[in-house]
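# Structure at a glance
Each chain is listed here by its residues.
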Amino acid sequence: TLSAAVREHLRQLCLHEFPCGTGSWNKSRFLPQTSRVWRELIPREEKSLSPGEETVEDLLGLVRSAHSPWALVEGSSAEDLFLKELAIQNPLMLKDSFFYTYFRSLRVVDKDVSLVDKELLKFVKLEELVLSANQIKEIDTTNLPPTLKVLELYGNKMASMECLCRHPPPRLQHLGLGHNKLLGPLESLHVTSDHWPNLVSLDLSFNNLTDLQNMVAGLQTLKHLRLLLLQGNPLALVPHYRGFTIDSLARLCVLDDITVASSEKHLFRGLSRSEDLLAPEAQLLVTVGNLRGVLDSSVLDPEPGPQGPFITYNYYVTYDFVEDEEGEGSQYGGVLAEAMRFFASHPSSTGAHSHRMRVVSGVRSEAGSLIIKPPSSLEQLGEDILEEIIEDVEESLESGLASLSELGEMEESIVSGASEPLPRSTDSAEELAKLRPLLDPRLCPSPGTVLFSTVPKPWSDVIPCNYEMQHTLKDLVPLKAFLLSGTVVTVVEEKILSWPVEQPSSSDSPLAAKKGKGEKDKKEKEKDKKDKKGKDKAGKGEKEPPKAQKGSKKQKELPKELRQDPPILRVLGSSPVVLEPLLAGEPFVSTVCNFGVIRTLEADRLTLNRDAKKNKKAALEVKSKTKMPAAPVYENDYQPEPLTVEIQIQLIQWRSTEEALRGLVM
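The structure contained in this document is the topic of the report that follows. What you see is a predicted model, and the numbers here were worked out from it, not measured in a lab.

## What about the sheet that holds strand S8 (residues 258–259)?
Overall, mixed pairing links the eight strands, which are arranged S1-S2-S3-S4-S5-S6-S7-S8 in an open sheet. Because the sheet does not close on itself, it has two edges, and the strands there are strand S1 (105–107) and S8. In this sheet, strand S4 (residues 174–176) lies alongside strand S3 (residues 150–152) in parallel orientation, the contact comprising three bridges. Following the sheet pairing, Leu-151 is matched in S4 by Leu-175.

This is how it looks when you write it as structure tokens:
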């Protein structure tokens, strides 16, 4: 109880023990007790001290000195020091009647108080009561002194203000309920002038209030309200929060610790009249900039032979974001959503369309979450592409039922944590499945979130991600929880092995032989026509186009038909990003995630030599960027760039009525 906490606090102050109270250290200072009670409060003048006694100054020094064993513990209040000094100067004053009539402020913080009992009514002059960081769920307001003007209940477990409204203190001017668990639309009924006629300051920050319109409607009845804090609530995440609140509460002077200027009132004039058009949804814009310091893994692989494998590397950045029931998690919907899930779970069955699906989808983790790689807008997906994707799904579903078990085995081995030795056989699916470990946990989104990623891009010294994604979320309470926990940014390397498709031999079947014979006759006829045509041109004086020389060099071409293995994913770096400042009123969080150095001296030398063979000018640029001189590089001079990525997450807030109306039209 509150009274027990107060008594325990007074006991810990040791007001009746040395150097406080009375004892052998100050017995000559007080007269013996007589029938005249008032003389108990008059200390005797210090003419001569008996051996073993201390002067008042010496005793006060023991309390005030920071090096004294009797000094107050760090963080003690001014009231505690006052009581200690009073217990030295006039210890006989410290009686219950003195405590109940003297104190106007009572602060009991972090004492595990769960009940405010009726003993509090004995403090007849109490004006300020601070009970922060306790375990209070409800308060019986009949136990609150009617003289109370300030009541602070920060950091408790209150789920509703209803208990405070039964018999509220009539003179209360400040009510602090921040960092509680207030939730539900009915809370707006408990902030009216019927309960708080003299309220000047109200702090409801960092709760779970979601209904901005009804909350503001209740606050409009508080004629004396000048200071209001609502930040940290889900309702403060909507774009029109500040403008709507300022325009609705004309008398407000301070909102969320920011003074409301007259110019700001002018900018938001008339916004409250558009209440019906303001949707209760939050909008956040995620921007991913340049990716630097990536290791070029391709230089470490051997040259591919005629039978492969042909290896390609791509790099992208992922981040997890809260999933809304009516937002991104289902925005693709219907057949397209099934297409994304099917291709994500069975990458080997996508065929020629696998590169196209990477724009909107990724891989499915063991937890069943989808790594979404959306374009900047769905308009980039033409109707023809969607139709082709849907047709591919239908064909794959019809033809792939017999091999679902095999595809399921391949799904378990999509991601690899490190490079493995390449198999020599062209039939490598089973061998790769054995070599790859289980899914990297850093690619699994946390519960209630979905992974988003940038478009995979090939290696370069600076990889421009050029990624922007606007998230619109209607479920605001999970969004607040997500912002408190933050997101995780991960850099992923995607390694794809391609193998040439073996063509069936023409002698395998009589039908093929017959077909080959027919094609041979057809070619001979076409050759005769060309010869005849060439002779006619020669008679007319026309020149034939020059034929290619037998000894001319031709570029090596990749086989026209390749089959791709499931991509091997390797996490290059992962870092958390704190998003709590967005709840505290910051407009955006911008940071450069630094994952440390992953580049090596050997790999950079190979990259430099490869580029030098292609283009001498490019080689000079690479040297300047990697800070590598033309002479042999020594380890002491090598200064590789760390792996970094730029990311910014902005909470969209309208800055004027004009901007709000423009956003509503869009």
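Past the structure itself, the notes keep going.
## Quick look at the packing of aromatic side chains
Across all of its chains, the model carries twelve aromatic pairs by this definition. Geometrically, the ring pair formed by Tyr-100 and Phe-123 is edge-to-face, given 5.1 Å between the ring centres and 90° between the ring planes. With Tyr-100 in helix H4 (residues 96–102) and Phe-123 in the loop between S1 and strand S2 (128–130), this pair connects stretches of sequence that are 23 residues apart. Tyr-100 sits in the partly exposed class, given a relative accessible area of 23%. On the accessibility criterion, Phe-123 (8% relative accessible area) is buried. Joined through ring pairs, the aromatic side chains of Phe-82, Phe-98, Phe-99, Tyr-102 and Phe-103 make up one cluster.

## Focus: the environment of Glu-323
Along the polypeptide, Glu-323 turns up in the loop between strand S10 (310–322) and helix H8 (334–345). Remark: the alpha-carbon pair of Glu-323 and Leu-479, spanning 156 residues in sequence, is separated by 8.5 Å.

## As for the packing of helix H2 (residues 56–64) against helix H3 (residues 78–89)
A packed helix pair is summarised by two numbers, namely the angle formed by the two axes and the spacing between the axes. Close contact between H2 and H3 brings their axes to 10 Å; oriented N to C, the two are set at 155°. When the interaxial angle is binned, H2 and H3 end up roughly antiparallel. As H2 packs across H3, the resulting crossing turns out to be right-handed. Only Leu-81, Lys-84, Glu-85, Ile-88 and Gln-89 of H3 make contact with H2, whose side of the interface consists of Val-56, Leu-59, Leu-60, Val-63 and Arg-64. When its residues are assigned to classes, the contact of H2 with H3 shows six nonpolar, one polar and three charged.

## Observations concerning the pairing of strand S14 (residues 487–500)
The buried fraction of S14 amounts to 13 of the 14 residues, a majority that puts the element mostly inside the structure. For S10 and S14, the ladder comprises ten bridges, and the chain directions are antiparallel. In the strand pairing of S14, Thr-312 is matched with Ile-496. As paired elements, S14 and strand S16 (residues 568–577) share nine bridges and run antiparallel to each other. When the sheet's bridge partners are listed, Glu-493 is paired in S16 with Arg-570. In terms of strand pairing, S14 meets strand S15 (residues 562–564) through three bridges, oriented antiparallel. Bridge pairing in S15 links Trp-499 to Arg-563.

## Thoughts on the sheet that holds strand S18 (residues 644–651)
Paired through backbone hydrogen bonds, the strands of a sheet run either parallel or antiparallel to each other. Strand order in the open sheet formed by four strands is S13-S9-S18-S17, and the pairing between neighbours is antiparallel. Looking at which strands have only one partner, the edges of the open sheet turn out to be strand S13 (462–473) and strand S17 (588–594). Sheet twist, expressed as the mean angle between neighbouring strand axes with direction ignored, is 10°. Direction of pairing for S17 relative to S18: antiparallel, over a ladder of seven bridges. Across the sheet, Cys-593 pairs through a bridge with Val-645, a residue of S18. In this fold helix H13 (residues 476–485) packs onto strand S9 (282–292) and S13, with an angle of close to 35° to the strand it touches most, S9.

## Thoughts on the pattern of salt bridges
Side chains bearing opposite charge may pair, as long as their charged atoms lie close to each other. One pass over the structure, following the stated rule, counts eleven salt bridges. With its nearest N and O atoms 2.8 Å apart, the salt bridge here joins Arg-64 to Glu-85. With a gap of 21 residues between them, Arg-64 in helix H2 and Glu-85 in helix H3 connect regions that are remote in the sequence. On the basis of relative accessibility, which here comes to 17%, the residue Glu-85 falls in the buried class. Across the pair Asp-461 and Arg-599 runs a salt bridge whose closest N-O atoms are separated by 3.2 Å. Here Asp-461, found in the loop between strand S12 (449–453) and S13, pairs with Arg-599, found in the loop between S17 and helix H15 (601–614); they are 138 residues apart in sequence, far enough to count as distant. For Arg-599, a relative accessible area of 8% translates into the label buried. When salt bridges that share partners are traced, they join Asp-461, Arg-599 and Asp-604 into one network.

Rules of the game
- Residues numbered from 1 in each chain as written.
- Predicted model: local features only at pLDDT ≥ 70, side-chain atom pairs only at ≥ 80, totals over all residues.
- Heavy atoms only, no water.
- Pairing = 2+ DSSP bridges.
- Helix = DSSP H or I, 4+ residues; strand = E, 2+ residues; numbered from the N terminus.
- Phe/Tyr/Trp six-rings, centres within 6.5 Å; stacked < 30°, edge-to-face > 60°.
- Buried < 20%, exposed > 50% of the residue type's maximum accessible area, 1.4 Å probe, protein only.
- Axes fitted to C-alpha atoms, helices over the stretch in contact; angles between N-to-C directions.
- Parallel < 35°, antiparallel > 145°, perpendicular 65-115°, else oblique.
- Left-handed = near helix turned anticlockwise from the far one by under 90°.
- Contact = heavy atoms within 4.5 Å.
- Nonpolar A, V, L, I, M, F, W, Y, C, P; charged D, E, K, R; others polar.
- Salt bridge = Lys/Arg side-chain N within 4 Å of Asp/Glu carboxyl O.

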